[in-house]
Amino acid sequence: MSAPPRIVATVAAADLLRRLVVAHGPVMMHQSGGCCDGSAPMCYPAGEFIVGDRDVLVGVLDLRLGAGDVPSALPAGGDAVTVWISGPQFELWKHTQLVIDVVPGRGSGFSLETPEGLRFLSRGRAFTGDETTALAGDEPVTGEQWEAGRRPEVPTVPQIVAEAADACPVPPR
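What this report covers is the structure whose coordinates are included nearby. Predicted model, so just to flag it, every value in this text is computed and none were measured. Within any chain, residue numbers begin from 1 and follow the written order of that chain's sequence. With the structure being a predicted model, the display of local features is reserved for residues of pLDDT at least 70 and the display and counting of side-chain atom pairs for 80 or more, all residues being used for whole-chain, interface and lining totals. Heavy atoms throughout the structure, all of them, feed into the side-chain values; hydrogens and water do not.

1. Brief notes about the overall build of the chain
Note the threshold: We count a stretch as a helix when DSSP gives it H or I for four or more residues in a row; a strand needs E for two or more, and each element gets its number in order from the N terminus. Residues are treated as being in contact if the distance between any of their heavy atoms lies within 4.5 Å. In this description, accessible areas are obtained by the Shrake-Rupley approach with a 1.4 Å probe, and a residue is regarded as covered only by the protein chains that are shown.
The helix and strand tally for the chain stands at 5 helices and 8 strands. Along the chain, helices and strands appear, N-terminal first, in the series β-α-β-β-β-β-α-β-β-α-α-β-α. Considering only contacts in the chain between residues 6 or more positions apart, those separated by 24 or more positions represent 70%. Taken as a whole, the chain presents about 8,700 Å² of accessible surface, with 55% of it coming from carbon and sulfur.

2. A few points about the side chain of R125
For clarity, the threshold we go by: We call two N or O atoms a polar contact when they sit within 3.5 Å, provided that within protein one can donate a hydrogen and the other can accept it, with sequence-adjacent residues counted only if both atoms are side-chain atoms.
With respect to the helices and strands, the residue R125 is situated in strand 7 (residues 118-126). Engagement of the side chain of R125 in a polar contact is seen with the side chain of E131, the distance being 3.0 Å.

3. Observations concerning the nonpolar core
Which entries qualify depends on this criterion: Remark: nonpolar core denotes a set of buried residues (Ala, Val, Leu, Ile, Met, Phe, Trp, Tyr, Cys) joined through side-chain atoms within 4.5 Å. Each residue gets one of three labels from its accessible area relative to the maximum for its type: buried under 20%, exposed over 50%, partly exposed in between, using a 1.4 Å probe on protein chains only.
The biggest cluster of nonpolar side chains holds 26 residues, and the ones touching the most others in it are L17, V27, M29, C43, V81 and F120. Looking at this core, the elements with two or more residues in it are strand 1 (7-10), helix 1 (11-24), strand 2 (27-31), strand 4 (56-62), strand 5 (80-85) and strand 6 (96-104). Top contributing element to this core by residue count: helix 1, with 6 residues. For L17, the contacting residues outside a window of four places in its chain are V27, M29, C43, L61, L63, V81 and F120.

4. Overview of the pairing of strand 2
Filter applied, for reference: DSSP-based pairing: two strands are paired if at least 2 bridges between them are found.
Here strand 2 lies mainly inside the structure; 5 of its 5 residues are buried. Both faces of strand 2 are covered, namely the face carrying V27, M29 and Q31 and the face carrying M28 and H30. Sheet topology note: the strand 2/strand 3 (residues 41-45) ladder contains 5 bridges and is antiparallel. Bridge pairing in strand 3 places V27 opposite P45. Summarising the sheet, strand 2 and strand 5 pair through 4 bridges and their orientation is parallel.

5. Considering the sheet that holds strand 4
Counted only if it meets this: Think of each axis as a best-fit line through the C-alpha atoms, taken over the contacting stretch in the case of a helix, with angles from 0 to 180 degrees between the N-to-C directions.
Spatial ordering of the open sheet is given by 3-2-5-4, a layout of 4 strands whose pairing is mixed. Only two strands of the sheet have a single partner each, and these edge strands are strand 3 and strand 4. Across this sheet, the average inter-strand angle for adjacent strands is 25°, counted without regard to direction. Strands strand 2, strand 3, strand 4 and strand 5 of the sheet are contacted by helix 1, whose axis makes an angle of about 130° with strand 2.

6. Examining the side chain of S111
Mapping S111 onto the fold places it in the loop between strand 6 and strand 7. A polar side-chain atom of S111 sits 2.8 Å from the main-chain amide nitrogen of C43. Residues in contact with S111, not counting those within four places in the same chain, are P41, M42 and C43.

7. Let's talk about the environment of S86
Relative to the assigned elements, S86 resides in the loop between strand 5 and helix 2 (87-93). What makes S86 partly exposed here is its relative accessible area of 23%. In contact with S86, other than residues within four places in its own chain, are H30, R54 and D55.

8. Section: the environment of R64
Position of R64 among the secondary structure elements: in the loop between strand 4 and strand 5. With relative accessibility at 43%, the residue R64 sits in the partly exposed group. For the pair R64 and A80, spaced 16 residues apart in sequence, the C-alpha to C-alpha distance is 8.5 Å. Excluding its chain neighbours within four sequence positions, the residues that come into contact with R64 are P71, A73, L74, P75 and D79. Separated by 2.7 Å, the side chain of R64 and the backbone oxygen of A73 make a polar contact.

If you want it as structure tokens, here you go:
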């Protein structure tokens with residue numbers, strides 16, 4: 001089994017990210033650790049948020065893709081949305097796939113989607129035992145390694161899902 005992506009996004013989140021790229025140029029995200037807007041992922045113009053040496057790259061969302069598409073290469077420029085998390089926060093969440101979604105509401109004043117009447121929301125799905133085993137050899141990229149030129153492997157499975165429930169289904173009652 002190949003390692004699952006640590007990050008996926010819904011079609012709605014990818015669509016909003018595309019609109020933000022048109023308005024602001026390339027963007028990046030940082031998964032908040034609980035300050036400012038709870039645990040919301042924050043969206044910034046690329047380069048406006050200083051990624052720390054120990055921050056961890058959760059993944060690179062590929063805005064060229066639709067639901068179910070698998071990339072053939074890593075995206076670049078405005079098609080690439082790097083998603084980061086602090087090193088200590090990653091240690092707490094490393095067993096969890098983050099699902100970036102979008103919901104109605106007002107996000108934090110720091111995040112680019114604030115004026116859109118929508119806000120990004122992280123949903124989580126615990127990795128299965130097999131997925132955790134597959135991830136054991138997949139050392140994530142740190143901010144320091146990124147600066148030195150290291151990039152993640154190209155995902156071999158889709159990273160855009162139609163709905164959040166496709167990535168983290170809610171158990172029936």
